[in-house]
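Okay, here's what each chain looks like letter by letter:
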Amino acid sequence: MLLFLRHYCMQARAVTEDGPESIRRAGLRPTHTPAVLINRGPIDQQLGKIAGLTLTDERRKAFRLLVEVLAVADERRRERFCSGGCGHWWHNLSVACG
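Note that this is a predicted model, so its numbers are computed, not measured. (Residues numbered from 1 in each chain as written. Predicted model: local features only at pLDDT ≥ 70, side-chain atom pairs only at ≥ 80, totals over all residues. Heavy atoms only, no water.)

What about the packing of helix α1 (residues 2–11) against helix α4 (residues 43–51)?
- α4 packs onto α1 with a crossing angle of 165 degrees between their chain directions and a minimal axis gap of 9 Å. Regarding the angle of α1 to α4, the classification is roughly antiparallel. When the axes of α1 and α4 are compared, the crossing they make is right-handed. Between α1 and α4, the residues in contact are L2, L3, R6, C9 and M10 and I43, D44, L47, G48, I50 and A51, respectively.
- By residue class, the composition of the contact of α1 with α4 is 8 nonpolar, 1 polar and 2 charged. (Axes fitted to C-alpha atoms, helices over the stretch in contact; angles between N-to-C directions. Helix = DSSP H or I, 4+ residues; strand = E, 2+ residues; numbered from the N terminus. Parallel < 35°, antiparallel > 145°, perpendicular 65-115°, else oblique. Left-handed = near helix turned anticlockwise from the far one by under 90°. Contact = heavy atoms within 4.5 Å. Nonpolar A, V, L, I, M, F, W, Y, C, P; charged D, E, K, R; others polar.)

Right, dumping it as structure tokens:
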């Protein structure tokens, strides 16, 4: 799952600047391993390292962070490229009522 999330983050054109907001949204401390990694160097390399974490606790944090990286990157893309409408089926999913 982490590898799929990494791929989707890259498809959404995640950038290094997405790191701090993603960490905040994920509720991680800046000292948690995935948070440290995302702030070190090129985003594509760091997302791969995050997806490759092996300890269960770190993988949970990695999952939360990658979901938020995807959210931040996708929000930016929606605003810049899809605000007038687009053909991305995932931008047209209905919101579940609850």
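Some details on the packing of aromatic side chains
- The full count for this structure, using the stated rule, is 1 aromatic pair.
- Residues F4 and Y8 carry aromatic rings whose centres are separated by 6.5 Å and whose planes lie at 20 degrees to one another, so their mutual orientation is stacked. Of this pair, F4 and Y8 both sit in helix α1, separated by 4 residues, roughly a single helical turn.
- A residue is classified by how much of its surface remains accessible, and F4, at 53% relative accessible area, is exposed. (Phe/Tyr/Trp six-rings, centres within 6.5 Å; stacked < 30°, edge-to-face > 60°. Buried < 20%, exposed > 50% of the residue type's maximum accessible area, 1.4 Å probe, protein only.)

So, the nonpolar core
- By size, the foremost hydrophobic cluster in this structure holds 21 residues, and its most contacted members are I38, L47, I50, L65, L66 and V69.
- Residue assignment for this core shows that the elements contributing at least two residues are α1, α2 (19–26), α3 (33–38), α4 and α5 (56–81).
- The greatest single-element share of this core, amounting to 5 residues, is contributed by α5.
- Excluding anything up to four places from it in sequence, L66 contacts L2, L5, R6, C9, L47 and I50. (Core = buried A, V, L, I, M, F, W, Y, C linked by side-chain atoms within 4.5 Å.)

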